Amino acid sequence: MQISGAEIVVRSLQEEGVEFVFGYPGGAVLEIYDAIFKQSAFKHVLVRHEQAAVHAADAYSRSSDKVGVALVTSGPGATNAITGIATAYLDSIPMVIITGQVPTPAIGLDAFQEVDTVGISRPCVKHNFLVKDIAELASTIKKAFYVAKTGRPGPVLVDVPKDVQQALAEFHYPDSVSVRSYVPVTRGHPGQIKKAVNLLLEAKRPYVYVGGGAVLGGASDEVRELVRSLGLPCTNTLMGLGAFPGDDRLNLGMLGMHGTYEANMAMQNCDVLIAIGARFDDRVISVPSKFTAVPKKIVHIDVDPSSIAKRVKVDVPIVGDVKLVLREMLDLLKQTPQRIDADALASWWKQIDDWRAPNSLKYTFSDELIKPQYVVETLYEVTGGKAIITSDVGQHQMWAAQYYKFAEPKQWLNSGGLGTMGVGLPYAMGAQLANPNAQVACITGEASIQMNIQELSTCRQYHIPVKIVNLNNRYLGMVRQWQEIFYGNRYSESYMDALPDFVKLAEAYGHVGFKVEKPSDVEGVLREAFSAKLKERLVFLDFLTDQSENVYPMVGNGKGLDEMDLPAHMRDNGGNAGERDYGNLS
Amino acid sequence: MRHILSILLENEAGALSRVVGLFSARGYNIDSLTVSTTEDPTLSRMTIVTHGSDDVIEQITKQLNKLIEVVKVIDLNESEHIERELMLIKVRATGKDREEMKRMADIFRGRIIDVTEKTYTIELTGTSDKLNAFIEAVDRAVILETVRTGASGIGRGERILKI
C-alpha cells in the first residue's frame, strides 16, 4: 500500500524506536504534523522556540543511549534550530533533525519561508541530506540515524520538501544500511595498543586524562578498571565529568582553565599521559607550546583520527572505539608480567598530594552573602550526589562542574564546546523525559536562564518537574570576571538591570518559586524543593548570590597550566584583590 | 610546501560544497581545484592543489576523510606522480608579435587553435610550472586573456586510486 512521504517520516521514526520528538509545527511540516496526529507510537513535545526543541532532543540523547529527534519547519524554523545543532555538533551528540522545506519546484525562487537549510547547516552537522525523491526518503532517514550514532557521533539533518511529504510511495524500512564512503574504525591497531601498554608500564609519573569521548563511548567501566587496577591519578575534562567518579581519591578533579591546582599541575608535569576520548582543546591545555614544555610521552585514544595531532603531537595515536581499545589494553595488562614502578608512582602521588593539600577549591563561607559554591555543595548533599545536573554557560557552569562530584557518566549535561547560553532549561526538559524517575536540576544564572525562559511553559504543559537553581548575581558573571581581571574593572554591559521577579514569573507559568537571600536558608529551601511534596512540580529557586565571587583557579589568557591564578588562600600575597598575582605559583 | 591531493568522492549534489566549505572554514588554502565524474558515474575525482606544513596537510587529509561523501584521499606528493594542467591563452598577434607568438607556442609545444587577424588563441598543456613559465616568457602586454583548468594529477605506474 502506498503511503505519503509524511507518513513515511513518521513510520521511519517508529521503526527507529523513537520515544519523543521535540518540535514546532509550521507551513512546510504540516503534512508531517498531520501524520503525527494520527499515530500514538511516539509523543511529540511542543516547545516554545525551535532552539529549545533541538537542545531538548540533544539532552535526551546526552542523558540516555538513544538518538534525540527534533522536527521543525522551513526557513525561520530551521534557522532557529541552528544554534541547537551547532551545540550538539561541537559536543559530538548523536541526533537527527528533520526540517520541512518548500516544495521542490519552489526551491531557489526565494519562496515564503525558504532558506537553504542544507547550506546553512552544512558546517555544523556531521552530515545532512535534502530528499528530493520520495523513493529515497525511508533509506535516507535510516542512513541519518546510522551516521548520527556511529563513529564519532554527531547531529544529522534531513531536509524534506513539502511535495515529497505529499507524494505517495510504498514503505520499506531497510534493516541495515551501509555507506561505502563511511566506514568508522572500531578496533584499535594491536601494535599501537601494545606500545601504549609498554609506555604506561614504564611511566614514572603517569596520568590519565579522560574526556567526553569516554562518556559518549560508554567506556566508563573500562576507565575505572584501568585507573583503579594500577592506582593511577586521573582527571576528567568538563565533558568527561562522571566518567570516573568525582569523589574518588584517584580523581584529581576537573582540569583546564578552571581546573583544580593538582589536576593542572599533574597534567603539566606527568611523564606519560593517557588521553582517552579527549582533544587537548584550548580550554583544557591552554597554549600547546607551554603544555609540551615539560617533555611527556602521550598516548591518544580517539575514534576520530582528525582529533589526533590536531593541537598536540602525540607519540602513540590509537584510532578506535575507546571502549574496545581500553578493553584490549586491560587484557594485555593482565597478561604482561611487567609491573609499573611502584616507588616512582608512590613519590608521584606524594607530589600530587602536596599540590592537593591547600585545596584550591576552598572558598570563604559567609553568614551574610550566599556563596554560589555553597549552593552547589548543598545541592550535592541534598540530592545525595545522584541528580542529573544541567547547566547553562558561565560562572555557575564552572561552579557546578567543580563542586558537584559527579559519580556517573551522563549525569552532567552542559554545552562544553560551543558554550551556548540558554541550554540549561531545555537540557533539563530532555533529561527529565529520558529519565522520568531521576531528580533533574538545572544550575543556571539570571542571564542564561532568560535566553530560553519561555520553556517554563513547555514544562507546565508536559508536567516536567525539574528544579531550577538560579545563581543570581545580577551580572553576566564570567564576563564580569574577565572585565575585572583583564579589562581594568570596566564592567561594560555586564550588569543585568531590570531583572524580573523570578518567583512571580515562575508562578505566572504555573510553577513554584522561592527567593533565597540568606545563607542560612539555602539548605532548607533546597530540601523543600526536593521534598516529596514538590516532587511533581517545577520549582524555581532564585538564590541571590555574592556579586563579587570569581571562579578559581583560573588559567589566564596565554598562560600555561602551571601558571594558574589561584584563590586568595593560595596566593603569596595573601589575597590582596588589587594585586592579584598571575605569575608562576608552583 | 605545495601538495596535490587526489580525492574520490560520491557524485552527489552538495559534495563539492562540503569540500570547499571545509577548506574555507578551517583556513586551508586552495591554489587550484578541478573536479569531474570518472568512468563510474557515481564517483567524482577531484584534484586540489594546496600548500601548507606537513602538519596542516595531515589535518587536511584527515578532515577530508571525515566527510561522509569522501571515499578516498591520497596525497600525490607521497610518491611519483604526473601532473597536467591545460591553459588557453589569447594573445595579440599583430606586426612582429605575430611571428614571435607562433615561435613561442612551438617552443612550449603549444598549439594555436584559433586565429584572427589580430589574435591567436594558444592551447598549452603541462605542469603548472610550465604554464607559469610560458606566461613569464611572453611580453605581458600581448596577453589578452588566460584561462587555466587547474592541475589534474595521477600516480605513476601501479599506484591507482580506485574503490
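The structure presented is a predicted model; accordingly, all values stated were derived computationally and were not measured.

Q: It is not clear to me how the overall build of chain A should be interpreted in this structure. Could you clarify?
A: A tally of regular secondary structure across chain A gives 22 helices and 20 strands. Computed over its C-alpha atoms, the radius of gyration of chain A comes to 25 Å, within 12% of the 25 Å expected for a compact globule of 586 residues. Its C-alpha atoms put chain A at 75 × 60 × 45 Å along the principal axes. Residue burial in chain A is summarised as follows: out of 586 residues, 60% are buried. Across chain A, contacts joining residues at least 24 apart in sequence account for 76% of those joining residues at least 6 apart. In the form shown here, chain A has an accessible surface area of approximately 22200 Å², with 51% of it arising from carbon and sulfur atoms. Side-chain charges in chain A split into 57 positive and 66 negative, and the spacing between the mean points of these groups amounts to 3 Å.

Q: Quick question: what am I supposed to make of the overall build of chain B here?
A: Summing up its helical and strand segments, chain B has four helices and nine strands in all. In chain B, the order of α-helices and β-strands from amino to carboxyl end is β-α-β-β-α-β-β-α-β-β-α-β-β. Seen through its principal axes, chain B has C-alpha atoms that stretch 55 × 35 × 30 Å. Here chain B, with 163 residues, has 42% of them falling under the buried criterion. Restricting to contacts in chain B with at least 6 residues of sequence separation, those with at least 24 account for 73%. Accessible surface, chain B as shown: approximately 8700 Å² in total, 51% of it carbon and sulfur.

Q: Honestly, the confidence of the model for chain A in this entry has me stumped. Any pointers?
A: As a note on interpretation, predicted positions should not be read in detail where pLDDT is low. Here chain A averages 96 in pLDDT, and 98% of its residues register 70 or above. Every residue in residues 574-586 of chain A is under pLDDT 50, and counting partners more than four places away or in other chains gives 26 contacts.

Q: Looking at this structure, how should I read the sheet that holds strand β11 (residues 251-254) of chain A?
A: Whenever strands of a sheet pair, they do so through backbone hydrogen bonds, lying parallel or antiparallel. Residues and elements named next belong to chain A. Reading across the sheet, the six strands line up as β11-β10-β9-β12-β13-β14 and stay open at both edges, with parallel pairing between neighbours. Of all the strands in the sheet, just β11 and β14 (316-319) have a single pairing partner and so form its edges. The sheet shows a mean angle of 15° between the axes of neighbouring strands, taken without regard to direction. Inspection of the sheet shows strand β9 (residues 206-210) paired to strand β12 (residues 272-276) by five bridges, in the parallel sense. Residue pairing for β12: V208 is matched across the bridge by I274. Packing of helix α15 (residues 342-356) onto the sheet brings it into contact with β9 and β11, and relative to β11 it is tilted by some 45°.

Q: Mind showing me how you'd approach the interface of chain B and chain A here?
A: The partner chain A presents 17 residues to the 19 residues of chain B that form the contact. With both sides pooled, the region where chain B packs onto chain A buries about 1500 Å², and carbon together with sulfur makes up 47% of that total. Our count for the chain B to chain A interface comes out at three salt bridges. Along the contact surface separating chain B from chain A lie 10 residue pairs in polar contact (both at pLDDT 80 or more). Listed by contribution, the elements that provide at least two residues to the side of chain B that touches chain A are α1 (15-25), α2 (54-66) and β4 (70-75) of chain B. Of all the elements, α2(B) adds the most residues to the side of chain B that touches chain A, at six residues. Grouping the constituent residues of the side of chain B that touches chain A by class yields six nonpolar, five polar and eight charged.

Q: Please explain the domain arrangement of chain A as it appears in this structure.
A: When the parts come together, some accessible area is lost, and that loss is often what is quoted as the size of the interface. Residue and element names in this part refer to chain A. For chain A, the assigned domains are domain 1 (2-170), domain 2 (190-356) and domain 3 (372-544). Measuring from the centre of the C-alpha atoms in domain 1 to the corresponding centre in domain 2 gives 38 Å. With both sides pooled, the region where domain 1 packs onto domain 2 buries about 540 Å², and carbon together with sulfur makes up 61% of that total. Summed over the three residues of domain 1 that lose the most area to domain 2, namely L90, D91 and R152, the buried surface amounts to 65% of that side. Summed over the shared surface of domain 1 and domain 2, the number is one salt bridge.

Q: Help me understand the sheet that holds strand β6 (residues 127-130) of chain A in this model?
A: Residues and elements named next belong to chain A. Across the sheet, which stays open at both edges, the six strands sit in the order β3-β2-β4-β5-β7-β6 with parallel pairing between neighbours. A strand with exactly one partner marks an edge of an open sheet, and here the two such strands are β3 (43-46) and β6. In this sheet, adjacent strand axes meet at a mean angle of 20° when their direction is disregarded. Here strand β5 (residues 95-101) pairs with strand β7 (residues 155-161) via seven bridges, running parallel. Paired with G100 across the bridge in β7 is V160.

Q: How do you make sense of the UniProt feature "domain: ACT" (unreviewed entry) in chain B when you look at a structure like this?
A: This chain's UniProt record puts "domain: ACT" (unreviewed entry) on residues 4-78 of chain B. Taken end to end, residues 4-78 of chain B is 32% helix and 37% strand, and its two terminal C-alpha atoms sit 9 Å from one another.

Q: I keep staring at the UniProt feature "domain: Thiamine pyrophosphate enzyme central" (unreviewed entry) in chain A and nothing clicks. Help me out?
A: Summarizing the sequence annotation, UniProt attributes the feature "domain: Thiamine pyrophosphate enzyme central" (unreviewed entry) to residues 193-328 of chain A in the numbering used throughout. The distance from the first to the last C-alpha atom of residues 193-328 of chain A is 7 Å, and the span holds 36% helix and 20% strand.

Q: Just checking my understanding: could you explain the UniProt feature "domain: Thiamine pyrophosphate enzyme TPP-binding" (unreviewed entry) in chain A for this structure?
A: UniProt's feature table lists "domain: Thiamine pyrophosphate enzyme TPP-binding" (unreviewed entry) at residues 392-540 of chain A, given in the numbering used throughout. Between the C-alpha atoms that bound residues 392-540 of chain A the distance is 15 Å, and the span itself is 37% helix and 14% strand.

Q: Any chance you could explain unusual backbone geometry here in plain terms?
A: In most cases, non-glycine residues show a negative phi, while peptide bonds are predominantly trans. Residue and element names in this part refer to chain A. The omega torsion of the bond from Y552 to P553 falls at -10°, within 30 degrees of zero and hence cis. Within the fold, P553 resides in the segment after β20 (539-544). Unusually for a residue other than glycine, N359 sits at a positive phi of about 55°. Within the secondary structure, N359 is located in the loop between α15 and α16 (372-382).

Q: Sorry if this is basic, but what is going on with the environment of H300(A) here?
A: Residues and elements named next belong to chain A. Structurally, H300 is set in strand β13 (residues 297-302). Those residues in contact with H300 that sit more than four places away from it in its chain are A275, A278, F280, S307, I308, V314, V316, P317 and I318. Of the polar contacts made by the side chain of H300, one reaches the backbone oxygen of A278; its length is 2.7 Å.

Q: Please clarify how helix α8 (residues 190-201) of chain A should be interpreted in this entry.
A: Residues three or four positions apart in an α-helix share a direction because the helix packs 3.6 residues into each turn. With 12 residues, α8(A) should reach 16 Å at 1.5 Å per residue; the first-to-last C-alpha distance of 17 Å fits that figure. In this structure, the buried residues of α8(A) make contact with β9, α10 (220-230), β12, β13, β14 and α14 (322-335) of chain A.

Q: Just to check I follow, could you spell out the pairing of strand β18 (residues 467-472) of chain A for this structure?
A: Regular strands place side chains that alternate from one sheet face to the opposite one. Residue and element names in this part refer to chain A. Across the six residues that make up β18, a large majority, six, are buried. Judged by which residues are buried, β18 turns out to be covered on both faces: K467, V469 and L471 on one side and I468, N470 and N472 on the other are all buried. For the segment spanning strand β17 (residues 440-445), helix α19 (residues 455-461) and β18, crossover handedness is right-handed. Bridge count between β18 and β20: six bridges; the pairing is parallel. By the bridge assignment, K467 is partnered in β20 with V539.

Q: For this particular structure, what's the right way to read the domain arrangement of chain B?
A: Residue and element names in this part refer to chain B. Domain assignment breaks chain B into domain 1 (2-78) and domain 2 (82-154). Computed from C-alpha coordinates alone, the two centres of domain 1 and domain 2 are separated by 28 Å. Between domain 1 and domain 2, the contact holds 10 residues from the first and eight residues from the second. Together domain 1 and domain 2 conceal approximately 570 Å² of surface at their shared face, both sides included; 49% is due to carbon and sulfur atoms. Considering only the surface of domain 1 that becomes buried against domain 2, R2, T34 and L76 emerge as the three largest contributors, covering 49% of it.

Q: I keep staring at the nonpolar core and nothing clicks. Help me out?
A: Most often, soluble globular proteins have nonpolar side chains that are buried together. All names here are of chain A. Membership of the largest hydrophobic core comes to 67 residues, with the highest contact counts inside it found for Y209, M267, L273, I276, F280, F291 and I301. The residues touching I276, leaving out its near neighbours within four places in the chain, are V208, Y209, V210, G211, A214, V223, L226, I301, V322 and L326. Grouped together as the second largest cluster of nonpolar side chains are 47 residues, V45, A86, L433 and F502 included.

Q: Would you mind showing me how to read the pairing of β17(A) here?
A: All names here are of chain A. Counting buried residues along β17, six of its six residues qualify, which places the element largely inside the surrounding structure. Here strand β15 (residues 388-391) pairs with β17 via four bridges, running parallel. In the strand pairing of β17, S391 is matched with I443.

Reading guide: rules and limits
Residues numbered from 1 in each chain as written. Chains lettered and ligands numbered in written order. Predicted model: local features only at pLDDT ≥ 70, side-chain atom pairs only at ≥ 80, totals over all residues. Heavy atoms only, no water. Helix = DSSP H or I, 4+ residues; strand = E, 2+ residues; numbered from the N terminus. Rg over C-alpha atoms; globule rule 2.2 N^0.38 Å. Buried < 20%, exposed > 50% of the residue type's maximum accessible area, 1.4 Å probe, protein only. Contact = heavy atoms within 4.5 Å. Areas by Shrake-Rupley, 256 points an atom, 1.4 Å probe, with all protein chains shown as cover. Lys, Arg positive; Asp, Glu negative; His and termini not counted. Charge placed at Lys NZ, Arg CZ, Asp CG, Glu CD. pLDDT = per-residue confidence, 0-100. Pairing = 2+ DSSP bridges. Axes fitted to C-alpha atoms, helices over the stretch in contact; angles between N-to-C directions. Buried area = accessible area lost by both parts, 1.4 Å probe. Salt bridge = Lys/Arg side-chain N within 4 Å of Asp/Glu carboxyl O. Polar contact = N/O pair within 3.5 Å; in protein donor to acceptor, adjacent residues only side chain to side chain. Nonpolar A, V, L, I, M, F, W, Y, C, P; charged D, E, K, R; others polar. Domains from an automatic or database assignment. UniProt positions renumbered as here; feature names shortened; annotations may be inferred. Expected span 1.5 Å × (residues − 1). Right-handed = clockwise from strand over helix to strand, strands pointing away. Core = buried A, V, L, I, M, F, W, Y, C linked by side-chain atoms within 4.5 Å.

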